Amino acid sequence: MVLVMKSRYFLVALLVLFAASPVSFLGQVPFDAGQYRVKHKKFVLKNGLTLIVHEDKSSPIVGVNVWYHVGSRNEKRGRTGFAHLFEHFFFNGSENHPFGFREAMDDLGANNRNGTTNTDRTNFFEDVPVSALEKTLFLEADRMGFLGGYISQEMLERERGVVKNEKNQGENRPYGRVFSRISEALYPYSHPYSWSTIGSTEDLNAAKLDDIKEWYRTYYGPNNAVLSLAGDISPEKAFELVNKYFGDIPPGPPLPRMARWIPELDRDMRDTIEDRVPQHRVYKVFHAPAWKDADAELLSLFADVLAGSRSSRLNRRLIFEKKLATDVSASMSDRELGGLFLISATVKSGVDPAVVESEIEKVLDETLKGEIGLGELSKFQTRNLAQFLRGSERLGGFGGRSDILAMSQTYGGDPEAYLQKLKTMAGATPASVMDASKRWLKKHSYTLTVIPAAKLGAENVAVDRKTVPGLGAAPDVSFPAVQRAELSNGLKIILLERHSVPIINIALAADAGAASDGVRKAGVADLAMDLIDSGTAKLSAFEIADRLDAVGASLSASNSLDQSVVYLRSTKGGIADSLGIMSDVVLNPSFPEEQFTVKKQAQLASIAQRRATPNSAALELMVELLYGKDHPYGVLSSGKPDTVSSLTREDVVGWHRAWFKPGSSTIIVTGDTTLSEIKPQLEKAFGAWKSGKAPQKSIPDRPSTKGGRIYLIDKPDAPQSAILAAHLSERNGQAEDLAAEPLFRNFGGMSTSRLNRNLRLDKHWSYGTSGVLQPTRGQRPFWVMAPVQTDKTKESMIEVMKEIRDIAGDRPITGEEFESIMRNMSLRLPARFETLSSLESAALQMVNYDLPNDYWSGYANSVRSLTEADLAAAGRKFVKPDDVIWIVVGDIRKIEPGIRELGFGEVVVRSLE
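Residues numbered from 1 in each chain as written. Predicted model: local features only at pLDDT ≥ 70, side-chain atom pairs only at ≥ 80, totals over all residues. Heavy atoms only, no water.

Trainee: So what exactly am I meant to see when it comes to the pattern of salt bridges here?
Mentor: Pairing is possible between side chains of opposite charge, provided their charged atoms come close. Taken as a whole and judged by the stated rule, the model has 52 salt bridges. Ionic pairing is found between R780 and D737, a salt bridge with its closest N-O pair at 2.8 Å. Residue R780 is found in strand β22 (residues 779-789), and its partner D737 is found in helix α26 (residues 737-748); the two are separated by 43 residues along the sequence. Grouping residues by exposure puts R780 and D737 together as buried. (Salt bridge = Lys/Arg side-chain N within 4 Å of Asp/Glu carboxyl O. Helix = DSSP H or I, 4+ residues; strand = E, 2+ residues; numbered from the N terminus. Buried < 20%, exposed > 50% of the residue type's maximum accessible area, 1.4 Å probe, protein only.)

Here's what the structure looks like:
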């Protein structure tokens, strides 16, 4: 469960917009409410429940969002923390469904689910396949109306402990006690914001079962809730279902509700606390307007002027000009009763925090006495509108369309209350922003300085902090000896011993993967592996889970292009029992019809979501264009809507029967055991598996990619263009494979790669880019993914092509750049095999690519022996600039003319459908 505070631009993250990207003007930014409106229909049931429905049939999912108008402000002194504690209770089950809510959501294929609490409200949300909506509404209704009788003392003790640990974890983080201190200092003792949402440990300890039940009866009735649905559901059908399950829940008592309470300080206040933090930090805080107040939006813009970008006033003065701080921020937290305006600065080591505080006050005073430039303001208005656009596609979850409608109804009494806030922000002028800022920020304030707690005693000798120590020689990297064996039925064994902890990992890898699907059954391997632990001939899914829990073990499954893997995690003492469960799951899966239907719908929903995501949409088209529709790699592993829709339970059963064979599978064992110990146990568990081999997969080579083509997928009004440049490269097993690892890490595999330095760090056109030679058993695709701002699409394509040509030979990695990437590779090596899971992953690669036994034991020395010439040869081998094809997902109206001007080749407009 997430405990949240409303940030100054909570609205920025939530708003859903459908308009073209606004154009920045000096001064006011034009605003047409019709362009930003989230269409909806509102109902109020007889018991007071408010239902809001937004219909969007683009994906077969529905975002479900329930807001209860209760938060920590509804608590009393001595009984704090109840709102957040009760949020935890909602995940335990209810009277008519006495099972965990999370588990129920897992069974029906829910995504993006959670619950959060703040000062003013508690909400719960989940995105579900439309086929699971009715069951979801039943569960939400049961939580709303039928939870009281299920609450027990045992549940209270359990959740009280969980919350106390959450509180400790939060306060244990650097600066984790700051906001509790601010709340206590700024608000009067009787103000409901004067305590933290998570409450005090004393109050949590004092909570009684009767108190909890009374809290539920008082605040969780339908008349204190908003249910918001967004997605593939008509308003009429939604009302029918909601009235069916929620309509007979009796309302709670009428609730008095304070509308506004903004205190005023009668003097400036100063405070200091010690904390285990690396640097001093200074906070300056003012009381500020409430959520409904127009001034809240104006102060948000003023915060941007102070510290909204690198070039803002506080940033320039404190970080770049005077070099007093390492970071600064300014924000407007607009809560329901009243907000806070906060300025903070992390003090540079060796600088007196009083000097930083003085400089903050100077900049604030100069700004309030001076003027805000027209361009200075409008750039933030335009940026904020662009941020709205970047969040425009989500239906549900925190910040989706269902959330913004519920928030507006709860705080503003109208699902469209957000439009007024947006209108105020877009219509702000320098004069209106200055007037609002003077009204609020010329009042008394509270200043808090956080001081690093003392760590060293007087006997310690001071260290020369001016001399940076050098790096020692890279440590040796060891890899366990690879031991191999085989069971009587041909099942191969690889053992990697490590005896540091009494745990054992087992991975059974079948030579299947998505490449085994067949074109007409694409997605069947993913579906089968998702279902494999859902029941056996002897055990139900719940019994499997219970038995694994009883011996401290866990089981999971996954699917890659080339392998299908079942994983067991066990203690040494529980390995015999857990191996028996694992073998039952692997050899005798029942693939229950009910579970099959649920998982299939979840997979279809996942495909729909994938296609709504520009990067994923581009990748789906990429594999089809590079490999062809009839190639095993020509479809993403989850399949396509038509292939998955046609799958039957018999298809899943048949796939498992054909591809799970001992003669083409390998058991990988890592951990605290020996071959003499584990082999008899494996023979007992898997020896009855009937001998045989799976069919031989055919992964044919394709001709070199025919370059000079640009494929455009239209995404109207998209704020970004997803640029993908790709071509087919060489199969695994080339002499240059080892050198390709540092080559592509430096090119596009880390935050400081060439691509990121160019498009993100230098030009700020992208949040992040990547470039890879994707590992596969057959021909590997080389691709670059660059999501960029729409108005820099053409320019970004030029830069991407330049980087591709550079790495292919025009600018090889040499000198300090080569030394830097090789240091990076060498120093990362010790952590490469730190865990059993990492050893297991290495062994899976050995199986998939038929690597020799000594491959990993010699890996570190092989990497360290690479030269500049090796990396240059890898670039020439694997990257062919003239073979590149382009896929761009974006707003064609805005990007097509510029793309055609590039002359990169034929432009083809495509649709994923």
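Moving on from the coordinates now.
Trainee: Got a minute to help me understand the packing of aromatic side chains in this structure?
Mentor: Aromatic ring pairs are defined here through the distance separating the ring centres and the angle between the ring planes. In the structure shown here, the tally under the stated rule is 31 aromatic pairs. Seen in terms of ring centroids, F744 and F782 are 5.9 Å apart; in terms of plane orientation they differ by 50 degrees. Their pairing is tilted. In this pair, F744 sits in helix α26 while F782 sits in strand β22, placing the two residues 38 residues apart along the sequence. A relative accessible area of 6% means that F744 is categorised as buried. Taking the relative accessible area as the measure of exposure, F782 reaches 0% and is therefore buried. A network of ring pairs unites the aromatic residues Y68, F86, F89, F90, F91, F124, Y216 and Y220 as a single cluster. Seen from the ring of Y189, R77 lies directly overhead, with NZ or CZ sitting 4.1 Å from the centre. Here R143 stacks its cationic end above the ring of F124, 4.8 Å away from the centre of that ring. (Phe/Tyr/Trp six-rings, centres within 6.5 Å; stacked < 30°, edge-to-face > 60°. Lys NZ or Arg CZ within 6 Å of the ring centre and 35° of its normal.)

Trainee: Is there a simple way to think about the sheet that holds strand β10 (residues 325-333) in this case?
Mentor: Either a parallel or an antiparallel arrangement is found when strands of a sheet pair, and the pairing is made through backbone hydrogen bonds. Taking strand neighbours across the sheet as the criterion, the 5 strands line up as β8-β12-β9-β11-β10 in an open arrangement whose pairing is mixed. Each edge of the open sheet carries a strand with a single partner, namely β8 (269-275) and β10. On average, adjacent strands in this sheet sit at an angle of 15 degrees to one another, irrespective of strand direction. In terms of strand pairing, strand β9 (residues 281-288) meets strand β12 (residues 446-452) through 5 bridges, oriented antiparallel. Looking at the pairing, K284 lines up with T447 of β12. (Pairing = 2+ DSSP bridges. Axes fitted to C-alpha atoms, helices over the stretch in contact; angles between N-to-C directions.)

Trainee: Would you mind showing me how to read the nonpolar core here?
Mentor: Within soluble globular proteins, side chains that are nonpolar tend to cluster in buried spots. If you look at the biggest cluster of nonpolar residues, it comprises 64 residues, and the most contacted ones within it are F744, I804 and W886. When residues in this core are grouped by element, the largest group, 7 residues, is from helix α30 (residues 836-849). Sequence-distant contacts of F744, that is, excluding residues within four places in its chain, are made with G749, G771, V772, L773, F782, F878 and V879. Counting 56 residues, the second largest nonpolar core, distinct from the first, contains L299, L324, A406 and A417. (Core = buried A, V, L, I, M, F, W, Y, C linked by side-chain atoms within 4.5 Å. Contact = heavy atoms within 4.5 Å.)

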